[in-house]
Amino acid sequence: MLPTYAFQRERYWPEPVTQLPPLQEPVGPVTADAEDATADVVAYGPPATSAPELRGRLAGLPEEDRVRELLTLVRQSAARVLGHRNVDLIETEGTFLEVGFDSLTALELRDTLRTRTGLDLPGTFTFEHPTPLELAHRLDAELRTAAGVPGATTTVPAAPLLGISPTDLDPAGLLNSLYQQAILERKIPEFLELTAMAAEFRPKARKHSELPTPAPLVRLSRGGERGPLLIGTSGTSAVGGPHEFARLATALRGRRDVAGIPALGYGRGELLPATLDVAMGWQAETILRETDGAGFVLYGHSGGAVLAHALAKHLEAMGAGPSALILADIYPFEHPMMTAWNAELSEGVVREDPAAGGAPDRAIIPMDDIRLTAMAWYGTVCQDWERTATTAPTLLVRASEPLGAVPDGQDWRSTWAHAHTTVDVPGDHFTMTAEHAETTALAIERWLTEVL
């Protein structure tokens, strides 16, 4: 018997949040600017020194003191970027994702540290060094390298490396360059076929016991005791990973605990799964260990929604299914719109500017050969995906705007025959989880509050 909320259909745009009244103007000669400056000093320390001054001060310190000072710089800069007055909220060994960083704020932190140190830091900096302590050690190493150059006061960026053409600058790998060329020439299906063939040569795990390390569960936000943990299953895109749930987690901070789990085969040193069952078993083991009998909710967007459903079925077969399943803009890989929009989908992945329609995490994720072959491989293993109903109540969250042109007579919206509730939210396939992430998160939270 279906629950009473089954087969609801609604459009969800939350009411505007009422703003708090402004504070009274300060009395007397103290200006607002002066108050802000004083508060900044209290919160973040004294005003920033120039890069040469910082380097000069660090030059005479032992390693432990250098790292300590750089750690303070990183934590103060991170707090300022996030608007925190309390630097203690930025824990030394806590991840940037857990305190609320997403792709845009990660780039803002990179830019701040680049100005403070004079180093030419890549956009992938915080992705490759996910905690303040790791970042401080990397900054120390970079500064020592720069100091070893006679007469150097700043790091001089090296001339860009060229790839397959004069305009292919600093490519992440050959496949990355070929992918972007395929997009320009509208040969995306041919590229994906080539990449799938390349993925055949990557080593595979044919059973769970062949995997040397468990899947990591990345904590993104904490919300107290407001219901089961929400676990985002990473998508199949080459830029997928737990970081793609950062904005959702920020919107739910204080409401619900949120975590993300990566897909097998996207990380360095990882085997690809020979079957979808191996991939799901890798994730299931971690989820059951980390939740320790407590309820949890699975969430996935796009290709990640396919994996979220497969994972839910795998867990239910083990007798430990999720409390609920949330599928955001799910499209089977052979769906007609996946062909009609293949250019928009691919351009959204490689484009670095989210404001211009790019995937929100492209700027901080190195889209290298490992990730591109993994993306193609999941297109192969997901051919075994069975679209059957789950025991868990299921929410389908759909974008209200098409990603691109829609062929005449084609139903472009995401559908899921086994959804108990369908909610439409603002945005297209990408923006519903980027600039409209808060609205999407609130729609999810409202449904979870009603059904659990």
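This one's a predicted model, so the numbers in the text were calculated from it and none came from an experiment.

Now for the pairing of strand E4 (residues 229-233). Two faces belong to every sheet, and in a regular strand the side chains alternate between them. Along E4, five of the five residues are buried, which leaves the element largely enclosed by surrounding structure. A two-sided burial pattern is seen for E4, the buried positions comprising Leu229, Ile231 and Thr233 on one face and Leu230 and Gly232 on the other. Of the strand pairs in this sheet, E4 and strand E7 (residues 296-301) are connected by four bridges, and their pairing is parallel. Bridge pairing in E7 places leucine 230 opposite valine 297. Strand direction decides the pairing type here: E4 and strand E5 (residues 258-261), joined by four bridges, are parallel. Its bridge partner lying in E5, glycine 232 is registered against glycine 260.

This next bit is on the confidence of the model for the protein. Taken residue by residue, the protein gives an average pLDDT of 82. The fraction at 70 or more is 81%. Throughout residues 1-44 the model reports pLDDT below 50, and contacts reaching past four residues in sequence, or to other chains, amount to 55 contacts. Residue range residues 352-362 is modelled with pLDDT below 50. Its contacts to residues more than four positions away, or to other chains, number 30 contacts.

Turning our eyes to something else, we now look at the side chain of aspartate 428. Relative to the elements of secondary structure, aspartate 428 occurs in the loop between strand E10 (421-425) and helix H15 (437-451). With residues up to four places along the chain from it excluded, the contact list for aspartate 428 reads Ala399, Glu401, Pro402 and Leu403.

Within the secondary structure, glutamate 128 sits in helix H5 (residues 125-128). In this structure glutamate 128 comes out as partly exposed when scored by relative accessible area, which is 38%. Sequence separation between glutamate 128 and isoleucine 365 is 237 residues; the distance between their C-alpha atoms is 8.6 Å.

This part covers the environment of valine 425. When you line up the elements, valine 425 lands in strand E10. Separated by 27 residues in sequence, valine 425 and arginine 398 have C-alpha atoms that sit 6.2 Å apart.

This next bit is on the pattern of salt bridges. When the charged atoms of two side chains lie near each other, side chains of opposite charge can form a pair. Applying the stated criterion across every chain yields a total of 19 salt bridges. Arginine 68 is the salt-bridge partner of glutamate 64, the closest N and O atoms lying 3.1 Å from each other. Placement of both glutamate 64 and arginine 68 in helix H3 (residues 63-82) is noted, with a separation of four residues, approximately one turn of the helix. Between arginine 138 and glutamate 142 there is a salt bridge, with the nearest N and O atoms lying 2.8 Å from each other. Of this pair, arginine 138 and glutamate 142 both sit in helix H6 (residues 132-147), four residues apart, roughly one helical turn. Given a relative accessible area of 23%, arginine 138 falls into the partly exposed group. For glutamate 142, a relative accessible area of 26% translates into the label partly exposed.

We now examine the packing of H3 against H6. Taken N-terminus to C-terminus, the directions of H3 and H6 make an angle of 120°; their axes are 8 Å apart at the nearest point. Comparing the axis directions of H3 and H6 gives the class oblique. For the pair H3 and H6, the crossing hand works out as right-handed. Contact residues: H3 offers Glu63, Arg66, Val67, Leu70, Leu71, Val74 and Arg75, while H6 offers Pro132, Leu133, Leu135, Ala136, His137, Leu139, Asp140, Leu143 and Arg144.

Once that is clear, we can look at helix H2 (residues 51-59). Burial in H2 covers these residues: Ala51, Leu54, Arg55 and Leu58. Projection of H2 onto a plane perpendicular to its axis shows the buried side chains occupying an angular sector of 95°, all on one side. Each element contacted by the buried residues of H2 is listed here: H3, helix H4 (103-117) and H6.

Another aspect to go through is unusual backbone geometry. Positive phi, close to 50°, is recorded for aspartate 292, a residue that is not glycine. Mapping aspartate 292 onto the fold places it in the loop between helix H10 (276-291) and E7. Residue aspartate 292 is classed as exposed on the basis of its relative accessible area of 68%. Of note, serine 302 is a non-glycine position whose phi angle comes to about 60°, a positive value. For serine 302, the location among the structural elements is in the loop between E7 and helix H11 (303-317).

Enumeration according to the criterion identifies seven aromatic pairs in this entry. With a centroid separation of 5.4 Å and 80° between ring planes, the pair formed by phenylalanine 96 and phenylalanine 101 is classed as edge-to-face. For the pair shown, phenylalanine 96 and phenylalanine 101 are each scored as buried. Taken together, a centroid distance of 6.3 Å and an interplanar angle of 50° make the contact between tryptophan 341 and tryptophan 412 tilted. Taken together, the residues span a long stretch of sequence, with tryptophan 341 in the loop between helix H12 (336-340) and helix H13 (342-350) and tryptophan 412 in the loop between strand E9 (394-399) and E10 at a distance of 71 residues. You can call tryptophan 341 buried: its relative accessible area is 2%. Linked through ring pairs, Tyr331, Trp341 and Trp412 together constitute an aromatic cluster. The residue whose ring lies beneath lysine 204 is tryptophan 377, and the NZ or CZ to ring-centre distance is 4.5 Å.

Conventions and cut-offs
Residues numbered from 1 in each chain as written. Predicted model: local features only at pLDDT ≥ 70, side-chain atom pairs only at ≥ 80, totals over all residues. Heavy atoms only, no water. Buried < 20%, exposed > 50% of the residue type's maximum accessible area, 1.4 Å probe, protein only. Helix = DSSP H or I, 4+ residues; strand = E, 2+ residues; numbered from the N terminus. Pairing = 2+ DSSP bridges. pLDDT = per-residue confidence, 0-100. Contact = heavy atoms within 4.5 Å. Salt bridge = Lys/Arg side-chain N within 4 Å of Asp/Glu carboxyl O. Axes fitted to C-alpha atoms, helices over the stretch in contact; angles between N-to-C directions. Parallel < 35°, antiparallel > 145°, perpendicular 65-115°, else oblique. Left-handed = near helix turned anticlockwise from the far one by under 90°. Arc of directions from axis to C-beta. Phe/Tyr/Trp six-rings, centres within 6.5 Å; stacked < 30°, edge-to-face > 60°. Lys NZ or Arg CZ within 6 Å of the ring centre and 35° of its normal.

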